Amino acid sequence: MNSRRAWLVWGVSVLAYLVAVTQRTTFGVAGLEATARFDATASILSVFTVVQLLVYAGLQIPVGVLVDRFGPRLLIAGGAALMVAGQLQLATADSVGGGILGRSLVGAGDALTFISVLRLLPAWFSGRQIPVLTQWTGIIGQLGQIASAVPFAFVLHRFGWNTAFVSAASLSVLVLALALVFIRNRPAGVQPPELLPLRQSATSLAEAWRQPGTRLGMWTHFTIQFPGTVFVLMWGFPYLVSAEGVDSSWASALMTLFVVVAVICGPWLGSWVGRHPLRRSTMVLLIAAAIAAAWLGVLLYPGPAPLWLLALLVVVLAIGGPGSMIGFDFARTHNPGHRLGTATGIVNIGGFVASLVSMYLIGVVLDILNARGFSGGDLYALDSFRIALTVQFAVMAVGVAGILRTRGKVRARMADDGLHLPPLREAILRERQRKQMERSDRRTGTQ
């Protein structure tokens, strides 16, 4: 455990996830070129992203079952192969149907990767390191957005569509080779977890779902992952530029701030979870409350919100990304090794379902308001966006209700096992006393 080989396995697997995020986001920077290439409207082009995310979300549970059965190494390699096929298909496609097929293959390969990378951590690292490494996995992977926004965009604009997407495909060829050579499912000499017969996979899925800790993880991911995803992937930029009147350069800066904040706070959250594993759901609820308060402050502000308030909103939304990774820690600590991948898949589907529902409903509300001539028929008017974005509160309320319900069941099981959670006030007092004792010991040691 924690050997050089462990770090090599993790490094290659994180590279695989970074490349998967790069492949996921390449189409987003090719919108203008895609419009000309496929002679498509904006609504048709949006289908590319929706279908890709639907494939990704729909495969989460099947992939979780497969990774428990066949191991992460095979699935990471298989995901890379699918993304190679998808990007090559997109490079040569000249019709909408062909392009959607390419993005579907990319979504499928992307779906195979993240769960498989997380599945490697318990096999190669000790318990308290896993929450921190989970956060770092997510952070490093999201840097793939920069890879698509900078070098891929440069190649696209300098050398054209075909060269750009073939170059992107070559990254996954590299990942495929590295995965097969360097990634192993577990250290040498460690016995593999118990494998259930294939016919019992449905039973394993049912058992993972019945475990309230799995559902608590899913509702955690559902509740605090989607606001940031909706903002960054779809509605944030038009809201900032068209509704709030922010200059496009400042809007881009706010999107960059989102990534920076996630990078900074992710390791801290992972460390906090490692020190306070019994208070994870409290942190999740605090993040949810902060997101709701930030959106309320922006939406209720009279007139366009000032830049500092929009920056505060982006900061809070960014915390939701690494915060949602706490959901995977619930799955890890409440499930045996032989169904950990299945439980992780259940958790991961939560945030993407919430994101798709929110993206769609916000668009529906905007279309309805526009059809009725609200705000003079301006689709992206500030007043229209203020109404449409309130959809998020309803989705978040569903998630918070799910957290509270499943948290109660988790704590009831803990009580049955003889583990009683002290009141929060008492826990805070104990933490203060512990820190005071540590400071006292340090002062004594220096005298």
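See the structure shown above.
Everything numeric in this text was worked out from a predicted model, so none of it was measured.

The next subject is the overall build of the chain. Secondary structure assignment for the chain yields 19 helices and 0 strands. Going through the 447 residues of the chain one by one, you find that 50% of them count as buried. A total of about 19800 Å² of accessible surface is found on the chain, and carbon and sulfur atoms cover 66% of it.

On to a nonpolar patch on the surface. Taken together, Val353, Val357, Tyr360 and Leu361 make up a surface patch of nonpolar side chains, about 350 Å² in accessible area. Of note, Val353 is situated in helix α16 (residues 340-371).

In terms of nonpolar packing, the biggest core is built from 94 residues, with Phe231, Tyr239, Leu240 and Trp295 touching the most fellow members. Sort the elements by how many residues they give to this core and helix α11 (residues 212-243) lands first, with 12 residues. Not counting the four nearest positions on each side in its chain, Trp295 is found in contact with Phe231, Tyr239, Leu313, Leu317, Leu389, Gln392 and Phe393. Membership of the second largest hydrophobic core comes to 17 residues, among which are Phe27, Ala30, Ala93 and Ile100.

Once their charged atoms are close, side chains differing in charge can pair, the charge on each being opposite to the other. In total, this model carries 5 salt bridges according to the counting rule given. A salt bridge links Asp68 to Arg119; the shortest N-O distance between them is 3.1 Å. You can see Asp68 sitting in helix α4 (residues 60-70) and its partner Arg119 sitting in helix α6 (residues 96-124), a full 51 residues away along the chain. By the burial criterion, Asp68 is buried, and Arg119 matches it. Residues Arg386 and Asp383 are paired through a salt bridge, measuring 3.6 Å at the closest nitrogen-oxygen approach. With a gap of 3 residues between them, Arg386 and Asp383 both fall in helix α17 (residues 382-388), about one helical turn apart. The class for Asp383 is partly exposed, based on a relative accessible area of 39%.

Counting through the fold element by element, His157 comes out in helix α8 (residues 144-159). A relative accessible area of 56% places His157 in the exposed class. Considered as a pair, His157 and Ala30 are 127 residues apart in the sequence and their alpha carbons are 9.1 Å apart.

One pass over the full model with this rule turns up 14 aromatic pairs. With a centroid separation of 4.8 Å and an interplanar angle of 35°, the aromatic rings of Tyr17 and Phe114 are classed as tilted. With a gap of 97 residues between them, Tyr17 in helix α1 (residues 4-25) and Phe114 in helix α6 connect regions that are remote in the sequence. Classification of Tyr17 as buried rests on a relative accessible area of 5%.

Next up on the list: the packing of helix α13 (residues 280-299) against helix α18 (residues 391-416). The contact between α13 and α18 brings their axes to 11 Å, and the two run at 165°. Looking at the two axes, α13 sits roughly antiparallel to α18. Crossing hand, α13 versus α18: left-handed. In this structure, α13 contributes Ser281, Thr282, Val284, Leu285, Ala288, Ile291, Ala292, Trp295, Leu296 and Leu299 to the contact, and α18 contributes Gln392, Phe393, Met396, Val400, Ile403, Leu404, Arg407 and Arg411. Grouping the constituent residues of the contact of α13 with α18 by class yields 13 nonpolar, 3 polar and 2 charged.

A few words now on the environment of Leu312. When you line up the elements, Leu312 lands in helix α14 (residues 307-324). Here the alpha-carbon distance between Leu312 and Leu254, two residues 58 residues apart in the chain, equals 9.8 Å.

The subject of this paragraph is the side chain of Arg386. Accessibility expressed as a relative area gives 18% for Arg386, which makes it buried. Of note is the side chain of Arg386, whose polar atom sits 2.4 Å from the backbone oxygen of Tyr301. Sequence-distant contacts of Arg386, that is, excluding residues within four places in its chain, are made with Leu299, Tyr301, Pro302 and Gly303.

Parameters at a glance
- Per chain, the residues get numbers from 1 upward, laid out in the order the sequence is written.
- For this predicted model, a pLDDT threshold of at least 70 governs which residues receive local features, and a threshold of 80 or more governs which side-chain atom pairs are given and counted, while totals over whole chains, interfaces and linings are taken from all residues.
- For side-chain calculations, the full set of non-hydrogen atoms in the structure is used, while hydrogens and water are omitted.
- Runs of H or I in DSSP of at least four residues are treated as helices and runs of E of at least two as strands, each being numbered from the N terminus.
- To sort residues, take the accessible area from a 1.4 Å probe on protein chains only and compare it with the maximum for the residue type: under 20% means buried, over 50% means exposed, and anything in between is partly exposed.
- Calculation of accessible area relied on Shrake-Rupley with a 1.4 Å probe; when residues are assessed, cover is drawn exclusively from the protein chains displayed.
- A patch consists of residues exposed above 30% relative accessible area that lack any salt bridge, with like charges linked at up to 9 Å and nonpolar side chains (Val, Leu, Ile, Met, Phe, Trp, Tyr) linked at up to 5 Å.
- Salt bridge criterion: a side-chain nitrogen from Lys or Arg within 4 Å of a carboxyl oxygen from Asp or Glu.
- Within this scheme, the nonpolar core is defined by two criteria: the residues are buried Ala, Val, Leu, Ile, Met, Phe, Trp, Tyr or Cys, and they are joined through side-chain atoms within 4.5 Å.
- Any two residues whose heavy atoms approach within 4.5 Å at even a single point are treated as in contact.
- Each pair of aromatic rings taken from Phe, Tyr and Trp, with Trp reduced to its six-membered ring, is defined by centres within 6.5 Å and is described as stacked if the planes are under 30 degrees apart, edge-to-face if over 60, and tilted in the remaining cases.
- Only the stretch in contact is used when a helix axis is fitted, and all axes are lines through C-alpha atoms; the angle between N-to-C directions ranges over 0 to 180 degrees.
- Each angle receives one of four descriptions, namely roughly parallel if under 35 degrees, roughly antiparallel if over 145, roughly perpendicular if within 65 to 115, and oblique otherwise.
- Crossing handedness is read from the near helix: turned anticlockwise from the far helix by less than a right angle, it gives a left-handed crossing, and turned clockwise, a right-handed one.
- Put simply, Ala, Val, Leu, Ile, Met, Phe, Trp, Tyr, Cys and Pro go in the nonpolar bin, Asp, Glu, Lys and Arg in the charged bin, and everything else, Gly too, in the polar bin.
- Identification of polar contacts relies on pairs of N or O atoms within 3.5 Å, with a donor-acceptor requirement for protein atoms, meaning one able to donate a hydrogen and the other able to accept it, and with residues adjacent in sequence counted only if both atoms are side-chain atoms.

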